[in-house]
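Commentary on secondary and tertiary structure
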Amino acid sequence: MRKLLLISCWLLFSCSKTGNGNNGGGNNNPAPLHPNFAKGADISWVTEMEGAGKKFYSASGVETDCIQLLKNLGMNAVRLRVWVNPAGGWNNTADVVAKAVRAKNLGMRIMIDFHYSDSWADPGQQTKPAAWASQDFTTLQQSLYNHTFDVLTALKTAGVTPEWVQVGNETNDGMLWPTGKASSSMANFAALVNRGYDAVKAVDPAIKVIVHISNGHDNNLFRWLLDGLKNNGGKWDITGMSLYPDPGNWAVMNTQCIGNINDLIYRYNKPVMICEAGMSWDQPDACKSFLSDLINKVNTVSGNNGLGVFYWEPQCYGNWKGYTKGAFDNSGKPTIALNAFN
């Protein structure tokens, strides 16, 4: 009972240090960002958008390379997803290397996000790549290892060593279903995570491995999955999360998220990163308030254990692929939401 009381007091103290978000406007006097704080964006669609003729413009209307534009807005990092054998080729190894080289040449830090699928992997779908679908568990683990190692080696050969690597994307219930579905076999999920972890470290031991889960406000979800990983010998360096509030509930969700972050750091002794965030593109004022408050809260986590915030595909505009949570307007210019990063 005494231990529970001490933990509760520690969490209350930590949350009070990071602000409670109840004023709806964030901290008017935010602390300076710690030197290694990542301000980034997942820009995985950028080459496909460019291939479709999309252009990107500064607020004053000057056509600008998308990655340069995001850097000008204060970002210092990009995140790139990897699919195994995607239709059309977008997000395959060659496409990822090309984007990573562009970003690296602009001085950006790099996160690589392995989906371990030929298409989207998320809480509702974790479909094996077609080439792996009939493999037994031993072979599946080796395929995951080889794919991870080969992509990272291709990046390294091109002069890019990522700072962070996600082993799986939004793995709320594991990955590579049904074999690695966590609710069916947490041990299988942990074994797959570990093969990815080992492949990353074989390329460069300094790369930090992320386990990524959505719904950053949901402490029960994170505890269930990460306890399961830990109890089955799972290895990871950073806990990653997604957060997608609405204009009307972002303050509450930010408060829940930071409480979750503090609990996870205490419970697993690992830092935390917001790997995805977003809000409807046509609510730029609310989105700016959300991002400013979130960045401040994550930045002021004790011990610099809040590592950064990434916006998911901010450059989307003109109803690209039906996605509405970008942060550019329909003329291809960034909205004021992204001023939160500068």
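Quick note: structure is the one above.
What follows covers the side chain of aspartate 118. Secondary-structure assignment places aspartate 118 in the loop between β3 (109-114) and α5 (137-157). Buried charged residue aspartate 118 carries no salt bridge. Nearest counter-charge: lysine 128, at 12 Å. Every residue in contact with aspartate 118, bar those within four places of it in the chain, is listed here: Trp83, Val84, Asn85, Pro86, Pro129 and Ala130.

This next bit is on the environment of cysteine 316. Positionally, cysteine 316 belongs in the segment after β8 (306-312). Of the residues examined, cysteine 316 reaches a relative accessible area of 2% and is grouped as buried. Sequence-wise, cysteine 316 and asparagine 330 are 14 residues apart; in three dimensions their C-alpha atoms are separated by 9.0 Å. If we skip the residues at most four places from it in the chain, cysteine 316 touches Trp45, Met49, Tyr323, Gly326, Ala327 and Phe328.

Let us now look at the packing of helix α7 (residues 219-231) against helix α8 (residues 250-268). Interaxial distance between α7 and α8 falls to 10 Å at its minimum, and their mutual angle equals 20 degrees. When the axis of α7 is compared with that of α8, the two are roughly parallel. Note that α7 runs across α8; the crossing there is right-handed. Where α7 approaches α8, its residues Asn219, Phe222, Arg223, Leu226, Asp227 and Lys230 are matched on the opposing element by Asn260, Asp263, Leu264, Arg267 and Tyr268. Residue composition of the contact of α7 with α8, grouped by class: 4 nonpolar, 2 polar and 5 charged.

Attention shifts here to the packing of aromatic side chains. All told, the structure shown has 12 aromatic pairs when counted by the stated rule. Look at tryptophan 45 and tryptophan 312: their rings are 5.4 Å apart centre to centre, the planes differ by 65 degrees, and that puts the pair in the edge-to-face class. With tryptophan 45 in the loop between β1 (38-42) and α2 (46-51) and tryptophan 312 in strand β8, this pair connects stretches of sequence that are 267 residues apart. One exposure class covers both tryptophan 45 and tryptophan 312, and it is buried. Seen from their ring centres, phenylalanine 114 and tyrosine 116 are 5.5 Å apart, and the 10 degrees between their planes marks the pair as stacked. Each member of the pair, phenylalanine 114 as well as tyrosine 116, is classed as buried. Its guanidinium or amino end placed over the ring of tryptophan 45, arginine 81 lies 5.2 Å from that ring's centre, counting from NZ or CZ. When the ring centre of tryptophan 236 is taken as origin, the NZ or CZ atom of lysine 270, which lies over that ring, is 4.9 Å away.

Conventions used here
- Residues numbered from 1 in each chain as written.
- Predicted model: local features only at pLDDT ≥ 70, side-chain atom pairs only at ≥ 80, totals over all residues.
- Heavy atoms only, no water.
- Helix = DSSP H or I, 4+ residues; strand = E, 2+ residues; numbered from the N terminus.
- Buried < 20%, exposed > 50% of the residue type's maximum accessible area, 1.4 Å probe, protein only.
- Lys, Arg positive; Asp, Glu negative; His and termini not counted.
- Salt bridge = Lys/Arg side-chain N within 4 Å of Asp/Glu carboxyl O.
- Contact = heavy atoms within 4.5 Å.
- Axes fitted to C-alpha atoms, helices over the stretch in contact; angles between N-to-C directions.
- Parallel < 35°, antiparallel > 145°, perpendicular 65-115°, else oblique.
- Left-handed = near helix turned anticlockwise from the far one by under 90°.
- Nonpolar A, V, L, I, M, F, W, Y, C, P; charged D, E, K, R; others polar.
- Phe/Tyr/Trp six-rings, centres within 6.5 Å; stacked < 30°, edge-to-face > 60°.
- Lys NZ or Arg CZ within 6 Å of the ring centre and 35° of its normal.

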